[in-house]
Amino acid sequence: MFTRIVAALDGSETSEQVLEEAAELARRLGVPLHLLRVADLTVLRVGMTEAAYAYASLGSELAEEREKAALYLEAVARPLRAEGLTVTTEAKSSLAASGILAATRPGDLLAIASHGRSGPARWLLGSVAEEVARKSAVPVLLVRAGAGGEASGEPERD
């Protein structure tokens, strides 16, 4: 069936809600769990466009974010490995959705959490989970942010 579970994380508590489901699937299927974090400064700094990404990648900030992402992933992986799971990590730099999509391969199941943004926040930032689900060549497990949106402090909407 699946040869690997890929869990996309962004460092937020909301994104980490996918870990329990992804780890359980990896355990039950006896496959590795691959933790992925994409360092995407364009969303944080100047808005999500290809030109903004090119501008942001010129500085050392992107390298620093990628290093922080790698350290974060290792911290998340440590307790999962202690439970006996085979866990790999990958920190990369890209636009979030395209980086997530590029990290998958045939046989993967991609697990991602939805932040549940709506209104102006969704219009401005878009929905990475939605774009990934629409464009993915592999099956996607979409985990909704907290029942009733507790994790994000917003109502659960997508």
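Every value quoted in this text rests on a predicted model; they were computed, and no experiment measured them.

Moving on: the pattern of salt bridges. Under the counting rule described, the total for this entry stands at eight salt bridges. With a shortest N-O distance of 2.7 Å, Asp108 and Arg4 are connected by a salt bridge. Of this pair, Asp108 sits in strand 4 (residues 108-114) while Arg4 sits in strand 1 (residues 4-9), and the two are 104 residues apart along the sequence. Across this residue pair, the class does not change: Asp108 and Arg4 are buried. In this structure, Arg81 engages Glu74 in a salt bridge whose closest nitrogen and oxygen atoms are separated by 2.8 Å. Its relative accessible area of 34% is what places Arg81 among the partly exposed residues. Judged by relative accessible area, which is 29%, Glu74 ranks as partly exposed. The network of salt bridges with common partners includes Glu24, Arg27, Arg28 and Glu83.

The next subject is the side chain of Thr104. Turning to its location among the elements, Thr104 is positioned in the loop between helix 6 (96-102) and strand 4. Once residues lying within four places of it in the same chain are set aside, the contact partners of Thr104 are Arg4, Leu110 and Val138.

Time to look at the nonpolar core. With 22 residues, the main nonpolar core has Leu9, Leu33, Leu35 and Leu80 as its most contacted residues. Of all elements in the fold, only strand 1, helix 2 (18-29), strand 2 (33-39), helix 5 (61-82) and strand 4 reach the threshold of two or more residues within this core. Aside from chain neighbours lying at most four places away, what touches Leu9 is Ser15, Glu16, Val18, Leu19, Leu35, Leu36, Arg37, Val38, Tyr72, Leu73 and Val76. Counting 13 residues, the second-largest nonpolar core is a separate cluster that includes Val38, Ile112, Ala129 and Val138.

As a further point, take the packing of aromatic side chains. In this structure the tally under the stated criterion is zero aromatic pairs. One residue, Arg37, lies across the ring of Tyr72, its end atom 4.9 Å from the ring centre.

Strand order in the open sheet made by the five strands is 3-2-1-4-5, with parallel pairing throughout. Lying at the two open borders of the sheet, with one neighbouring strand each, are strand 3 (87-93) and strand 5 (140-144). This sheet shows a mean twist of 25° between the axes of neighbouring strands, independent of strand direction. Relative to strand 2, strand 1 runs parallel, the two sharing five bridges. Residue pairing across strands places Ile5 opposite Leu33, the latter belonging to strand 2. Its contacts with the sheet put helix 2 on strand 1, strand 2, strand 4 and strand 5, and the angle it makes with strand 1 is roughly 170°.

The next thing to look at is helix 2. Taking 1.5 Å of rise per residue, twelve residues should cover 16 Å, and helix 2 covers 17 Å from first to last C-alpha, within 8% of that figure. All buried positions along helix 2 are accounted for by Val18, Leu19, Ala22, Ala23 and Ala26. Looking down the long axis of helix 2, one finds its buried residues gathered within 120° of arc, a one-sided arrangement. Turned more than 90 degrees off the buried face of helix 2, the exposed positions are Glu20 and Arg28. Elements in contact with the buried residues of helix 2: strand 1, helix 1 (13-16), strand 2, helix 5, strand 4 and strand 5. Looking one or two residues beyond helix 2, the residue adopting positive phi is Gly30, at roughly 70°.

On average, residues of the protein chain score 81 in pLDDT, and 72% of them reach the 70 mark or higher. Across the protein chain, element-level confidence peaks in strand 1 with a mean pLDDT of 97 and bottoms out in helix 7 (residues 119-125) with 49. In this model residues 121-125 is a low-confidence stretch, pLDDT under 50, and it forms eight contacts with partners more than four residues away in sequence or in other chains. The low-confidence segment residues 147-158 (pLDDT under 50) makes 30 contacts with residues lying over four places distant or belonging to another chain.

Here is what the cut-offs are and how they apply
Residues numbered from 1 in each chain as written. Predicted model: local features only at pLDDT ≥ 70, side-chain atom pairs only at ≥ 80, totals over all residues. Heavy atoms only, no water. Salt bridge = Lys/Arg side-chain N within 4 Å of Asp/Glu carboxyl O. Helix = DSSP H or I, 4+ residues; strand = E, 2+ residues; numbered from the N terminus. Buried < 20%, exposed > 50% of the residue type's maximum accessible area, 1.4 Å probe, protein only. Contact = heavy atoms within 4.5 Å. Core = buried A, V, L, I, M, F, W, Y, C linked by side-chain atoms within 4.5 Å. Phe/Tyr/Trp six-rings, centres within 6.5 Å; stacked < 30°, edge-to-face > 60°. Lys NZ or Arg CZ within 6 Å of the ring centre and 35° of its normal. Pairing = 2+ DSSP bridges. Axes fitted to C-alpha atoms, helices over the stretch in contact; angles between N-to-C directions. Expected span 1.5 Å × (residues − 1). Arc of directions from axis to C-beta. pLDDT = per-residue confidence, 0-100.

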